[in-house]
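Geometric and topological summary
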Amino acid sequence: MGGRFIDLPTWQGLLGKKKLVVVHPLGGCPIGNTHETGVVDEFGQVFDASKSAASKAVLPGLYVVDAPSFPSARCESESHDLSASAEIVSNALV
């Protein structure tokens, strides 16, 4: 997009090494088939962890529609990612 990185001269980084710090990581709330393999199902519904590990039971009405449930970025803009996820969830509710 034509951007150019300019290093902040006063920043020493973590433990003396300059590292990229991500404050909103993707993948922290993974999609899975059960609560043993993920936090949410493909529609963003949160699994009920009080059930057996193989159970696909979800908590009624509780959805996660946020970047941590994405394994990676799907669009250039996070707002586009969230809009697409909100549409998936709203279609699941119909």
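Residues numbered from 1 in each chain as written. Predicted model: local features only at pLDDT ≥ 70, side-chain atom pairs only at ≥ 80, totals over all residues. Heavy atoms only, no water.

1. Examining the overall build of the protein chain
To keep it simple, the criterion reads: Runs of E in the DSSP output that reach at least two residues are strands. Runs of H or I that reach at least four are helices, and both are numbered from the N terminus. Buried residues are those whose accessible area, probed at 1.4 Å on protein chains only, stays under 20% of the maximum for their type, while exposed residues exceed 50% and partly exposed ones sit between those limits. The criterion used for residue contact is that any of the two residues' heavy atoms lie within 4.5 Å. Per-residue and other accessible areas follow the Shrake-Rupley method at a 1.4 Å probe size, with only the shown protein chains counted as cover for residues.
What the protein chain contains, in helices and strands, is one helix and two strands. When the helices and strands of the protein chain are read in sequence order from the N terminus, they spell out β-β-α. Within the protein chain, the fraction of its 94 residues that count as buried is 20%. Considering only contacts within the protein chain whose residues lie at least 6 apart along the sequence, 27% involve residues at least 24 apart. About 7000 Å² of surface is accessible on the protein chain, with carbon and sulfur atoms providing 61% of the total.

2. Things to note about the confidence of the model for the protein chain
So the rule is basically this: Confidence of the predictor at the level of single residues is given by pLDDT, which spans 0 to 100.
Mean pLDDT over the protein chain works out to 76, with 67% of the residues at or above the 70 mark. Mean pLDDT per element in the protein chain: helix α1 (residues 78–93) is the minimum at 72, and strand β1 (residues 45–47) is the maximum at 93.

3. Regarding the environment of A57
When you line up the elements, A57 lands in the loop between β1 and β2 (58–63). On the accessibility criterion, A57 (25% relative accessible area) is partly exposed. Expressed as a C-alpha distance, the spacing of A57 and H35, which sit 22 residues apart in the sequence, is 8.5 Å. Setting aside residues up to four positions removed in sequence, A57 forms contacts with F47, D48 and K51.

4. Describing the side chain of Q45
This is how it is decided: Side-chain atoms alone can form a polar contact between residues adjacent in sequence; in general such a contact is a pair of N or O atoms within 3.5 Å, and within protein one must be able to donate a hydrogen while the other accepts it.
Looking at the secondary structure, you find Q45 in strand β1. The exposure class assigned to Q45 is buried, which follows from its relative accessible area of 18%. For Q45, the side chain forms a polar contact with the side chain of Y63, separated by 3.5 Å. Residues in contact with Q45, not counting those within four places in the same chain, are V39, V40, V58, L62 and Y63.

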